Amino acid sequence: MTTDRSTINPRVYALTFTAFVMLSSEFIVAGLLPEIATSLAITIGAASGLVTAFALGMGISAPIIGVLTHRASKRSLLIAACVALVLGNGISAVFSDYYIILIGRVLGGIGVAVFWTNAALAAKSLSQGRNESMAIGRVLVGISIASVVGVPVGKLIADATNWRMAMWMMTALSCVALLTVWIWVRPTEESRQKENLRDALRVAFKPDVSMTLVSSCLMFAGVASVFNFLSTFLEKETGFGEMNVTLILCLYGVADIVSNLILSKRVKDNLEPMFRRVLVTMAMGMCTLSVFGNLTWAVPLAVIIVASSHAGVSLLIGIDVLKRAGNAGQLINAINVSMINLGIGIGAVITGLVIDRVDVNAIGWVGAGFISLALFVRWKIERSHEQHGS
């Protein structure tokens, strides 16, 4: 009996749903910052610490989990990830103390780190032959859906009721994800190939790899500076109503998905020219937000530009890191996850401080500043390659 290689094991879609819940849990608070700040009697900048806490919980734990759990059951780890997410979202929904909610967000971030360390491996083991890459792609679709649905739906629920109901929704979805993984995800538990940590760390300290990881941090600091505060910007700067804010957040997600589908077919071996175009375009889109944020026709256009560039950044840095990592891919990729989340945390903190001291209109300038630094690092990487190649 032969396996149909054009299809994938339907159990993989349990991971797709779980990926959607995981990333929605991360994204949703970005759209609720004004409501959370008002409810807890804190500033927008302080509320943005909840975004930072989740990102740091995910980023700091990712490489540690990758190193320590190489022999653990993938199913057990995925279940543990869902339990951590249920607890993290539940704490955010129940408690009113800012610091306890921070702990809940950190716990949720650790759950997402455990999930992403094992989701691709589980998808591969649930699949066979050439459809392994298709299965992994289906899991990643959950991220795109979360970017479209997570923030806007959370915003709609918060507008109709309050922000805690949005967190209760995420707690309920986390419980469903836990049951789904428990029942449906039973990957084969072949032993993982253990990387030589000394060799992998040696790769991490190669100049081109380390600079690539730094550029990843800076890029996502820039993305976080705009994305995490976009809802706040739209409400306070543009004067858009609640429904228009939700529609523009949806527009961001749709532009992200469409751009990913288009750019993924145009990637060349030499990534640097496309990196330059994407980063310059992103910086221009961010500056447009700050300069023309009071013009209703300009804001959707700027959002499309930033979102499309966001898709390009995610796609290109993922390809670039794996190309440079070679046989040390597992650990270097885990470090990259940490650098991405470190960047998200840095971007949220710095932009929150700027908003508190200047104005929400500054988010575009802050984001463009980070992207300009990333562009400089990519230029240094290209120069280093040319010098070693000559």
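> I'd like to hear about the confidence of the model for the protein, residue by residue, with values.
Per-chain confidence: the protein averages 82 in pLDDT, with 86% of residues scoring 70 or above. No element of the protein has a lower mean pLDDT than helix α7 (residues 132-160), at 71, and none a higher one than helix α8 (residues 163-184), at 94.

> Requested: an account of the packing of helix α5 (residues 74-94) against α8, with residues and values cited.
At a minimum axis distance of 8 Å, the contact between α5 and α8 shows a crossing angle of 165°. The orientation of α5 relative to α8 falls into the category roughly antiparallel. Where α5 crosses over α8, the two elements pack in a sense that is left-handed. Between α5, through Arg75, Leu78, Ile79, Cys82, Val83, Leu85, Val86, Asn89, Gly90, Ser92, Ala93 and Val94, and α8, the contact on the second element is made entirely by Trp163, Arg164, Met167, Trp168, Met170, Thr171, Ser174, Cys175, Ala177, Leu178, Val181 and Trp182.

> Break down α8 for me, citing the residues and quoting the values.
Relative to the 32 Å expected for 22 residues at 1.5 Å per residue, α8 spans 31 Å between its end C-alpha atoms, a close match to the ideal helical length. For α8, the full list of buried residues reads Trp163, Arg164, Ala166, Met167, Met170, Thr171, Ser174, Ala177, Leu178, Thr180 and Val181. Capping the start of α8, Asn162 holds a side-chain oxygen 3.0 Å from the backbone nitrogen of Arg164, two or three residues further along.

> Which residues make up the side chain of Asn89, and what are the values?
Position of Asn89 among the secondary structure elements: in helix α5. In contact with Asn89, not counting residues within four places along its chain, are Ser25, Met167, Met170, Thr171 and Ser174.

> Can you tell me about empty space enclosed by the protein, naming the residues and giving the values?
A complete count under the given rule lists one cavity of 30 Å³ or more for this structure. Counted as a void, the largest cavity has a volume near 30 Å³. In terms of lining residues, the largest cavity is bounded by Val29, Ile36, Leu50, Ser92, Ile101, Arg105, Trp163 and Met167. If you list the elements that add at least two residues to the lining of the largest cavity, you get α6 (98-125) and α8.

> Before we move on, could you go through a nonpolar patch on the surface and cite the residues and values that matter?
A cluster of nonpolar side chains, Leu56, Ile60, Ile64, Leu68, Leu342, Ile346, Val349, Ile350 and Leu353, forms an exposed patch at the surface whose accessible area comes to about 740 Å². Among the elements of the structure, α4 (49-68) and α15 (329-357) are those that each provide at least two residues to the nonpolar patch. Residue contributions to the nonpolar patch peak at five residues, all from α15. Following the sequence through the fold, Ile64 ends up in helix α4. Look at Ile64 and you get partly exposed, because its relative accessible area is 45%.

Procedures and definitions
Residues numbered from 1 in each chain as written. Predicted model: local features only at pLDDT ≥ 70, side-chain atom pairs only at ≥ 80, totals over all residues. Heavy atoms only, no water. pLDDT = per-residue confidence, 0-100. Helix = DSSP H or I, 4+ residues; strand = E, 2+ residues; numbered from the N terminus. Axes fitted to C-alpha atoms, helices over the stretch in contact; angles between N-to-C directions. Parallel < 35°, antiparallel > 145°, perpendicular 65-115°, else oblique. Left-handed = near helix turned anticlockwise from the far one by under 90°. Contact = heavy atoms within 4.5 Å. Expected span 1.5 Å × (residues − 1). Buried < 20%, exposed > 50% of the residue type's maximum accessible area, 1.4 Å probe, protein only. Polar contact = N/O pair within 3.5 Å; in protein donor to acceptor, adjacent residues only side chain to side chain. 1 Å grid on protein atoms, 1.4 Å probe; cavity = no way out; pocket = protein on both sides within 12 Å on 5 of 7 lines; lining within 4 Å. Points joined across faces, edges and corners; volume = space filled by probe spheres on them. Patch = residues over 30% accessible without salt bridge, like charges linked within 9 Å, V, L, I, M, F, W, Y side chains within 5 Å. Areas by Shrake-Rupley, 256 points an atom, 1.4 Å probe, with all protein chains shown as cover. Salt bridge = Lys/Arg side-chain N within 4 Å of Asp/Glu carboxyl O.

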